[in-house]
Structures are given as C-alpha cells and as structure tokens.
Amino acid sequence: MFPKDNPNNWQSGQGYWQHILKEDWSRWRWQMQNRLTSIKQIEEYFPLTAEEKAGCLFSKEHLNLAITPYFFNLIDKNDPNCPIRLQVIPRIQEQTVAPEEKLDPLCEEKTSPVENLVHRYPDRVLLLVTAQCASYCRYCTRSRIVSEVHKPFVHDLEPAFDYIETHTEIRDVLISGGDPLLLNEHKLDEILARLRRIPHIEFIRIGSRVPVFLPQRITPELCGIFKKQGPIWLSIHVNHPRECTQELKDALEKLSYAGVVLGNQSVLLKGVNDDATVMKSLVHRLLQMRVRPYYLYQCDPVIGTKHFRTPIQTGIDIIHSIRGYTSGYAVPQYVVDSPNGGGKIPINPNYIQEITQEKLMLKNFEDKITEYPL
C-alpha cells in the first residue's frame with residue numbers, strides 16, 4: 001500500500017489482494033465485480049469508526065458505498081482521517097443538511113432541455129451517458145442521480161443527439177455521468193462517432209475518475225477508440241498526491257500516447273487537500289504524469305457535504321502560496337461553480353491594488369507592489 005510518510009513513492013500494488021492472480025487483478029471487470037460495498041466487506045480488512053458505520057448504513061438511501069480494490073489499497077487503515085478514506089467511506093455527517101445545501105445546487109435540471117443533456121453555456125453542452133461510477137465520491141455534485149441507488153445506465157440518448165444536431169451554436173460537448181469510461185468499448189465508440197458526424201461539433205471532452213479509481217480500465221482497445229475518434233480531451237479527478245500511483249501514471253501515459261489531451265480537476269476538500277504543501281505536491285505529480293492542473297473547485301453545496309467545505313479564503317491562500325513558487329503550468333484556476341446555474345467563476349488572490357488613468361498598481365507573488373504604466 002502507499003506509505004503515508006513517503007510522498008515520493010509511486011507504488012501501489014495488490015496490497016490486501018496478494019493472493020489474487022495478477023491477471024485477474026489487472027482486469028477492470030474483476031475490479032468492478034469485487035468492489036467493497038458493505039460494512040462487512042470493509043471490516044475484513046480494518047475496523048470502521050462509529051461515524052463511518054452509521055454513514056455506511058445511511059448510504060443505502062443517499063449515495064451508495066462502492067470502492068474498487070485498487071483504490072481501497074490506498075487507504076491508511078490506521079488513520080480515520082486518511083485523505084483517501086475521507087473521500088470514499090461514508091460518515092454520519094452526510095445526514096446533516098445545511099441551510100445552503102440543495103439536491104441540485106448547480107440547477108442542472110433547470111437547464112436541461114431534453115433528458116440526459118444540460119445546456120448551461122451558450123456554445124457547449126453536458127451529455128450524461130451513464131449514472132454509474134467505479135467508486136463513489138462522498139461529496140458528489142450529482143449524488144441525486146448517480147449510483148445504483150438510482151438508475152445504473154442511461155439508455156436512450158437520441159433526444160440529446162437530436163438536440164445537439166439542431167442547435168448549431170453548440171461546438172463543444174462534455175461527456176460525463178456517472179463515469180463514461182465504464183461504458184463498453186462498442187457503446188463509447190458509438191457515442192463518439194455520432195458526435196463526430198455532427199458538422200458543428202469541434203471539441204469533444206470526457207470527464208472521468210476511472211483512471212484514478214480503476215486504471216486497469218485503460219486498455220489497448222479503449223486507447224484505440226480514442227485514437228480513432230480523436231482528438232479527445234480528458235479531464236481526470238485527482239485530489240491528493242497519494243492517488244498518484246505508478247498504475248495511474250502508466251494508465252495516463254497510455255492515454256497520452258493515444259493522443260488524448262489530459263487535464264485535472266480537483267475539489268478543495270477539508271482534511272484532504274486544504275493545505276498548500278499537499279496541493280503543491282499534487283500539482284507537481286500531475287505534471288510528472290503528463291497532466292495539466294486545470295481547475296481547483298470550491299466544493300459545491302450539495303446535500304450532506306458541509307463537513308467537506310472550506311472557507312473561500314482557504315482556496316485563495318492556497319493559490320497565493322503556489323503561484324510564483326512553482327511552474328505556471330502547475331497552477332490550477334480556483335473556481336466557484338456558482339449556485340442556481342450561474343456557471344464557473346474564477347476566484348483569485350487580490351493582485352490588482354489600484355487602477356487609474358495613468359497606472360496599474362499590482363501586488364506580485366512576494367506581496368511586493370509594482371507599477372505598470374498605462
């Protein structure tokens with residue numbers, strides 16, 4: 001398992017599953033079939049706290065518990081506050097609903113002209129192709145629709161395709177869910193090919209945490225589809241340096257060699273990555289894996305996530321601590337995905353001090369004031 005005290009170690013391995021044949025361990029369907037989905041299964045390996053047990057019982061009504069064996073190995077069994085553990089093992093706090101929290105905080109359903117499609121921005125749409133994930137993040141914005149608590153797959157995408165075809169202002173399609181990379185190769189190829197046949201579609205993106213939860217899914221067959229249907233832009237979701245294993249690195253290299261352009265979207269989470277040192281380590285590792293840190297999201301006010309959210313100032317301070325002290329490529333854009341469907345709004349440290357007709361007064365990364373003549 002990934003040692004807690006050695007952030008430079010990329011190894012993961014089979015951990016608790018040393019007795020399993022390597023060929024089985026390396027099959028993504030084996031990983032899916034052997035996900036840990038109950039208190040009993042988890043406690044075969046380590047005891048849960050009372051908070052976690054209560055959270056696991058509540059998850060049956062809210063957002064299912066499911067963790068791939070691969071990702072489960074990254075949990076520190078001796079640390080209840082392990083940053084991996086916090087992300088995937090439910091806690092009793094999920095039952096608490098803060099006044100600002102909503103089932104659909106981004107108002108996706110209000111900006112959904114047809115089923116499985118969200119049209120919030122003028123020239124782009126979100127296409128939801130499945131409601132299943134390899135593992136379930138406890139802060140999920142779409143907890144209202146994902147997991148086997150609800151429906152596992154979306155079957156009829158024709159109304160969504162028809163909408164895209166008839167709205168020529170759409171040039172950009174983001175495929176998400178759930179996780180699109182859980183679809184079989186034939187279905188995924190079919191979706192990408194259908195979008196490629198629409199003349200006004202210039203840009204196809206996929207949002208997926210499968211490489212992180214399930215790197216075994218990145219097979220030659222899947223990479224072949226991306227190479228054929230490319231260019232494809234893939235946004236992965238890594239929140240902590242401990243998730244950056246050799247297996248993930250290898251999977252991302254395969255995707256990169258297939259022509260996939262890689263970016264990362266992290267969510268700022270209390271106790272997980274709300275620390276400048278942790279975030280700096282994460283973005284450095286991402287660059288080593290050919291991934292450009294893209295967004296750092298403020299955690300959305302979705303029901304049951306108050307215990308994950310940090311003050312906005314925390315995110316501002318993290319960006320201030322990184323910018324100027326590492327490569328520009330390593331600095332993500334900190335954003336709030338504004339409630340009520342307002343879209344992503346960038347949040348930055350206050351670099352502009354004053355603007356007059358003659359000059360612009362700026363504060364640099366060292367907090368020194370500099371003057372730019374206008």
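Keep in mind it's a predicted model, so treat the numbers as computed, not measured. (Residues numbered from 1 in each chain as written. Predicted model: local features only at pLDDT ≥ 70, side-chain atom pairs only at ≥ 80, totals over all residues. Heavy atoms only, no water.)

### Here we look at the pattern of salt bridges
Pairing between side chains becomes possible if they bear opposite charge and their charged atoms approach one another. Cut-off, in case you're wondering: Salt bridges are identified by distance alone: a Lys or Arg side-chain nitrogen within 4 Å of an Asp or Glu carboxyl oxygen. To qualify as a helix, a DSSP run of H or I must reach at least 4 residues; to qualify as a strand, a run of E must reach at least 2; elements of each kind are numbered from the N terminus. Exposed residues in this analysis have more than 50% of their type's maximum accessible area, buried residues have under 20%, and partly exposed residues fall in between, with area computed by a 1.4 Å probe over protein chains only.
Within the structure shown, the criterion is met by 27 salt bridges. Glu-243 is the partner of Arg-209 in a salt bridge, and the nearest nitrogen-oxygen pair spans 2.6 Å. Of the two residues, Arg-209 sits in the loop between β4 (203-207) and α9 (210-213) while Glu-243 sits in the loop between β5 (232-236) and α11 (246-257), which places them 34 residues apart along the sequence. Of the residues examined, Arg-209 reaches a relative accessible area of 5% and is grouped as buried. A single network of salt bridges, built from pairs that share partners, joins Asp-104, Glu-108, Glu-109, Arg-142 and Arg-144.

### Overview of the sheet that holds strand β10 (residues 352-355)
Applied cut-off: Pairing between two strands is assigned when DSSP locates at least 2 bridges connecting them. Each axis is a line fitted through C-alpha atoms, and for a helix only the stretch in contact is used; angles between axes span 0 to 180 degrees, taken between their N-to-C directions.
Strand order in the open sheet formed by 3 strands is β10-β11-β12, with antiparallel pairing between adjacent strands. Edge positions in the open sheet fall to β10 and β12 (369-373), since each of these has one partner strand only. Looking at each pair of strands side by side, their axes are set apart by 20° on average, direction ignored. Here 5 bridges tie strand β11 (residues 359-363) to β12, and the two strands are oriented antiparallel to one another. Each bridged residue has a counterpart across the sheet, and for Met-361 the counterpart in β12 is Glu-371.

### Topic: the confidence of the model for the chain
For clarity, the cut-off: On a scale of 0 to 100, pLDDT captures the predictor's confidence in every residue. A contact between two residues is defined here by any heavy atoms of the two lying within 4.5 Å.
Looking at the chain as a whole, its pLDDT mean stands at 93, while 95% of the residues score no less than 70. Considering only residues more than four positions removed or in separate chains, one finds that residues 1-6, a stretch of pLDDT under 50, has 20 contacts.

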